[in-house]
Amino acid sequence: MRILLKLELDCTPDAAWRALHSSRAIAELYGPLIEMVPLEAQPATSLESGADVPVQLRALGALDIGRQLIHVEDRYTEDSHGPVRILRDSGIPLTGPLSQLDVWDHQMAVSAVPGRPDKTLWRDRLVIGGIAAGPLWPVLWATWQYRAMRLRALAPTWSYEPEPTTDGASSAAANTAAATTEPAAPQDGDGGPGSADR
């Protein structure tokens, strides 16, 4: 059984691809309805191809609904409109209701909207199988519609890069210098919106 999404998002394909590899950005797609909590002591902030990431899923911040293993694989291809980047999660639900599924194959494709390189065409396909697929399909379908709403809302925030970080010593020196000189004139971009954690 399949669940499909096809959306135009208000961000560049590069920004969408970065967000797909950000554990924080991916978790935000389900919040606050579902919380995705990494189970590793020091979880990676970036999901590299080949990574295995175990997570705990909680509904409404309190009800445990199972554990899932996310396995990330990147693939690059091309269609008639240009390059397409695909992230495949071929992990598996480990516990909870979703663990009754025999098949879990989630692929997300990112490319430019034809004629609009500043916009992203996002294609999302979830394939599930097994005896529990029929009963679980309506719940997952509803979850994916919520996911689509969150994608549209969050995508514009992905276009903003975080400010470069410095080490503590450099930061302290910069703060000291700022305190002993006249305030500088505002620079372009000051006060702009933040970005998804990379």
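Refer to the structure printed above.
Keep in mind the model is a prediction, meaning the values are calculated, not measured.

Enquirer: Would you take a moment to explain the environment of arginine 123 for this structure?
Expert: Along the chain, arginine 123 turns up in strand S8 (residues 116-129). Along the sequence, arginine 123 and leucine 5 sit 118 residues apart, while their C-alpha atoms lie 5.6 Å from each other. Residues contacting arginine 123, with those up to four places away along its chain left out, are Leu5, Lys6, Asp79, Val84, Gln107, Met108, Ala109 and Ser111. Only 3.1 Å separates the side chain of arginine 123 from the side chain of serine 111, close enough to count as a polar contact.

Enquirer: Would you take a moment to explain helix H1 (residues 13-20) for this structure?
Expert: Two residues of an α-helix separated by three or four positions point the same way, owing to the 3.6 residues in each turn. Extensive coverage of H1 is indicated by the burial of six of its eight residues. Where H1 is buried, its residues touch helix H2 (23-28), strand S4 (63-79), strand S5 (82-89), strand S7 (103-113) and S8.

Enquirer: Just checking my understanding: could you explain the pattern of salt bridges for this structure?
Expert: Proximity of charged atoms lets side chains of opposite charge pair with each other. In the structure shown here, the tally under the stated rule is eight salt bridges. Among the ionic pairs, aspartate 79 bridges to arginine 123, the shortest N-O distance being 3.6 Å. Here aspartate 79 is found in strand S4, whereas its partner arginine 123 is found in strand S8, with 44 residues between them in sequence. Residue class for arginine 123 comes out partly exposed when judged on its relative accessible area of 27%. Taking the shortest distance from any N to any O, the salt bridge between aspartate 118 and arginine 116 comes out at 2.9 Å. Using a relative accessible area of 38% as the deciding quantity, one classes arginine 116 as partly exposed.

Criteria and cut-off values
- Residues numbered from 1 in each chain as written.
- Predicted model: local features only at pLDDT ≥ 70, side-chain atom pairs only at ≥ 80, totals over all residues.
- Heavy atoms only, no water.
- Helix = DSSP H or I, 4+ residues; strand = E, 2+ residues; numbered from the N terminus.
- Contact = heavy atoms within 4.5 Å.
- Polar contact = N/O pair within 3.5 Å; in protein donor to acceptor, adjacent residues only side chain to side chain.
- Buried < 20%, exposed > 50% of the residue type's maximum accessible area, 1.4 Å probe, protein only.
- Salt bridge = Lys/Arg side-chain N within 4 Å of Asp/Glu carboxyl O.

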